[in-house]
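Summary of structural features
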Amino acid sequence: MEEQTPTTEVLISNTEQAVPDSRILPPIWKDSYTQIIGACIVHLLTIQAGINMAFSAILTAHLKEKGNDDVIQLMPGQDGWIASLVTISTPIGSLLSGRLIDKFGRKNVSMFVCIPYLISWILIYWSYNIVWLYVGRFLAGAAAGLSSVAIYYTSETTHPVWRPMLLGLTSVNVSFGILLTSVLGKWLYWRTVAVVFAVFTAVIFYFITILPESPHWLLSFKNGTQDAHRIDQARKSLKYFNRNNAKAERELVELLNNYRTSRVDVPMRQDETLKEKLKSFKRPEIYKPIVLLLIIFFFQQNTGSYVIVFYAVELFEELGGQFGYLDAYWAMILMGAIRFVMAIIAMILSLKYGRRMLCIISGLGMGLSILSASLYTHLSQFDTKIPTLVFVLVFVCFSAIGWQTIPWSLTGELLPTKLRAIVGGIMTSYAYLMMFLVVLTFPALKELIDVKGVFLIYGIISFASTAVVWKYLPETLGKTLTEIEHFFK
């Protein structure tokens, strides 16, 4: 006789009888180390975003070297396109990411991201004219937009105690990608660097294949709470990420109850009309975090922290070019190292202090340091520019512990599960478009009001961003995704 599949109600009833307390207890290392490993693996994708930012610097520098006999010879203006194409195409990947992540799942999209990255490095390595370089850079940018899937996967597979720290891996890995590219570019030719990164991408793909799918996605999409097979998949996923089976069962019951009763996180209907989807944006738990994130990303991009990364060598040369034993290129490597170390420190501090406090400290430190740089630059009677470099590097330190790190990870916490990937993709696109505009207009703004004037604007915006966070941003440390959603209700 054919074995019958138990109904959803029976599965839930049996689980509730076995584990009557649905409270998710704080984790211990031996029960949750797989959450940390899983987050680290999927966040390897975000290293490529940092590589994209820094690779154009070494690529154009190598092609401009005297005596360069490469088949590609740069014409005036082409270096600007090589640098900016990744910021133009990243929003495209971000807009596609929401639809793909919800339709095919967090793990599958994480694996898919590796494909355009790998193709881009192959195209860059074999390029024999500037067009192929453009295509490779464009693909790399689109893939970077898709790599935001790492944030959603991590937010849905980690305990609230670990989540703030592990979402900080985004900034740590972006910083590491910038540092790694800067170091490799000093000793290896750009085509060799492309081969290294192609191999690295293949290794990332392999490690992602061993991860399970997000239990939140399995239950919240395609009527997952009514499908016994998906419930069983979610149970296996939860047991992978929580080695304590009893706790995994309790979490399964909590997720099932949440997705069956929540007004927002109901299973997505395939026949849901556009009017019905737009109507859901009237709910405070949806429109409030969206408006807040739009404001936060506006401040993030206009504090100038990314401008300093894109124009590091040019900016340092304008500030003096030689800082003791450091030239502008070594100053850039030092900046990358500082940013990487501070991102790690921020990730650790988030375990104790959460998001809100780190953003406030970051904004105040950025404002004070960049205003000091503006004032010292204005005092032109000083011969040495070393103090100005110090102030700029202090600005980088403070930006790395808050404003360069936290806004990206907030998209994985503040947005409700039903719309997290779609709205998060739109939010990421908005942030990169803002980045493109700020980076594009920096040279003209610098010509108009000089470096000290630009620094002054960045300082004022940094203080304003601190006020917004202090007034409106809730603390997410230790709170489940459901609790965060209820806050905005």
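Residues numbered from 1 in each chain as written. Predicted model: local features only at pLDDT ≥ 70, side-chain atom pairs only at ≥ 80, totals over all residues. Heavy atoms only, no water.

Let's talk about the overall build of the protein chain
Helices and strands together make up the secondary structure of the protein chain, namely 22 helices and two strands. The buried share of the protein chain, taken over its 489 residues, is 58%. Of the contacts made within the protein chain by residues no fewer than 6 positions apart, 83% connect residues no fewer than 24 positions apart. As displayed, the protein chain has an accessible area near 20800 Å², and 67% of this comes from carbon and sulfur atoms. (Helix = DSSP H or I, 4+ residues; strand = E, 2+ residues; numbered from the N terminus. Buried < 20%, exposed > 50% of the residue type's maximum accessible area, 1.4 Å probe, protein only. Contact = heavy atoms within 4.5 Å. Areas by Shrake-Rupley, 256 points an atom, 1.4 Å probe, with all protein chains shown as cover.)

A short note on the environment of Lys471
Position of Lys471 among the secondary structure elements: in helix H21 (residues 417-472). With a relative accessible area of 55%, Lys471 lands in the exposed category. Expressed as a C-alpha distance, the spacing of Lys471 and Arg356, which sit 115 residues apart in the sequence, is 10.0 Å.

Here's the deal with the side chain of Asn242
Within the element layout of this structure, Asn242 appears in the loop between helix H12 (228-241) and helix H13 (245-261). Setting aside anything within four residues of it in sequence, one finds Asn242 in contact with Asp31, Thr34, Lys247 and Ala248.

Structural notes on the nonpolar core
In this structure, Leu45, Val113, Phe316, Met335, Leu414 and Phe455 are the most contacted members of the largest nonpolar core, which totals 89 residues. Here this core gets 17 residues from one element, more than from any other, and that element is H21. Residues Ile72, Ile82, Ile124 and Trp190 belong to the second largest nonpolar core, which totals 19 residues. (Core = buried A, V, L, I, M, F, W, Y, C linked by side-chain atoms within 4.5 Å.)

A short note on the environment of Arg355
As for its position among the elements, Arg355 is in helix H18 (residues 328-378). Its relative accessible area of 2% is what places Arg355 among the buried residues. Expressed as a C-alpha distance, the spacing of Arg355 and Leu473, which sit 118 residues apart in the sequence, is 8.6 Å. If near-sequence neighbours (up to four positions away) are discounted, Arg355 is found in contact with Arg163, Pro164, Leu167, Ser350, Ile406, Ser409, Leu410, Glu413, Glu475 and Thr476. Here the side chain of Arg355 touches Glu413 through a polar contact of 3.0 Å, side chain to side chain. (Polar contact = N/O pair within 3.5 Å; in protein donor to acceptor, adjacent residues only side chain to side chain.)

A closer look at the packing of helix H4 (residues 78-104) against H21
The geometry of a pair of packed helices is captured by two quantities: the angle between their axes and the separation between those axes. The interhelical angle for the contact between H4 and H21, taken along N-to-C directions, is 175°, at an axis separation of 7 Å. If you check the angle between H4 and H21, you find them roughly antiparallel. Of the residues in H21, those touching H4 at Ser84, Thr87, Ile88, Thr90, Pro91, Ser94, Leu95, Ser97, Gly98, Arg99, Ile101 and Asp102 are Lys418, Ala421, Ile422, Gly425, Ile426, Thr428, Ser429, Tyr432, Leu433, Met435 and Phe436. Its residues placed into classes, the contact of H4 with H21 shows eleven nonpolar, nine polar and three charged. (Axes fitted to C-alpha atoms, helices over the stretch in contact; angles between N-to-C directions. Parallel < 35°, antiparallel > 145°, perpendicular 65-115°, else oblique. Nonpolar A, V, L, I, M, F, W, Y, C, P; charged D, E, K, R; others polar.)

Here's the deal with the environment of Thr476
Within the element layout of this structure, Thr476 appears in the loop between H21 and helix H22 (481-488). On the basis of relative accessibility, which here comes to 0%, the residue Thr476 falls in the buried class. Counting along the chain gives 122 residues from Thr476 to Gly354, while the straight-line C-alpha distance between them is 6.7 Å. Of note is the side chain of Thr476, whose polar atom sits 3.2 Å from the side chain of Glu413.

Some details on a nonpolar patch on the surface
Taken together, the side chains of Leu118, Ile122, Tyr125, Trp126, Val195, Val199, Val203, Tyr206, Phe207 and Ile210 make up a nonpolar region of the molecular surface, amounting to roughly 930 Å² of accessible area. Broken down by secondary-structure element, the contributors of at least two residues to the nonpolar patch are helix H5 (106-126) and helix H10 (190-208). Sort the elements by how many residues they give to the nonpolar patch and H10 lands first, with five residues. Relative to the helices and strands, Val195 resides in helix H10. (Patch = residues over 30% accessible without salt bridge, like charges linked within 9 Å, V, L, I, M, F, W, Y side chains within 5 Å. Salt bridge = Lys/Arg side-chain N within 4 Å of Asp/Glu carboxyl O.)

Some words on the pattern of salt bridges
Inspection of the entire model under this criterion finds nine salt bridges. Of the charged contacts in the structure, one is a salt bridge between Arg106 and Asp102, with a shortest N-O distance of 3.0 Å. As far as the burial class goes, Arg106 and Asp102 line up, both buried. For the salt bridge of Glu413 with Arg163, the shortest nitrogen-to-oxygen distance reads 2.8 Å. With Glu413 in the loop between helix H20 (406-410) and H21 and Arg163 in helix H8 (residues 163-167), this residue pair connects regions lying 250 residues apart in the sequence. Assessed through its relative accessible area of 1%, Arg163 is described here as buried. Salt bridges linked by common partners bring Asp102, Arg106 and Glu156 together as one network.

Description of the packing of aromatic side chains
The tally for this structure, following the rule as stated, stands at 13 aromatic pairs. A network of ring pairs unites the aromatic residues Phe55, Trp121 and Phe197 as a single cluster. Over the aromatic face of Trp217 sits the side chain of Arg230, whose NZ or CZ is 4.8 Å from the ring centroid. (Phe/Tyr/Trp six-rings, centres within 6.5 Å; stacked < 30°, edge-to-face > 60°. Lys NZ or Arg CZ within 6 Å of the ring centre and 35° of its normal.)

Structural notes on H21
With 56 residues, H21 extends only 21 Å from end C-alpha to end C-alpha; this falls clearly short of the ideal 82 Å at 1.5 Å per step. The sharpest bend along H21 reaches about 105° and sits at Asp450. (Expected span 1.5 Å × (residues − 1). Bend = angle between axes of the 7 residues up to and from the residue.)

Re helix H3 (residues 47-63)
Here H3 spans 24 Å end to end across 17 residues, near enough to the 24 Å set by a 1.5 Å rise per residue. Within H3, 15 of the 17 residues are buried, which leaves it mostly tucked inside the rest of the structure.

As for the packing of H4 against helix H6 (residues 130-146)
Interhelical geometry of H4 versus H6 gives an angle of 35° and a closest axis separation of 5 Å. Here H4 runs over H6; the crossing is right-handed. When the residues that make up the contact of H4 with H6 are grouped by side-chain class, the tally is 15 nonpolar, eight polar and one charged. (Left-handed = near helix turned anticlockwise from the far one by under 90°.)

Details of the confidence of the model for the protein chain
In the predicted model, the protein chain carries a mean pLDDT of 81, and the fraction of residues at 70 or more is 85%. Note that residues 1-25 has pLDDT below 50 and, in this model, 33 contacts with residues that lie over four places away or in other chains. Confidence drops under a pLDDT of 50 for residues 263-271, and excluding neighbours within four residues, the segment shows 30 contacts in the predicted structure. (pLDDT = per-residue confidence, 0-100.)

Description of unusual backbone geometry
Excluding glycine, residues mostly carry a negative phi; peptide bonds, for their part, are mostly trans. The phi angle at Asp450 is positive, at roughly 70°, despite the residue not being glycine. Mapped onto the fold, Asp450 is located in helix H21.

Remarks on the side chain of Thr158
The topology assignment puts Thr158 in the loop between helix H7 (149-157) and H8. A relative accessible area of 9% means that Thr158 is categorised as buried. With near-sequence residues (within four places) excluded, Thr158 lies in contact with Gln35, Arg163 and Leu166.

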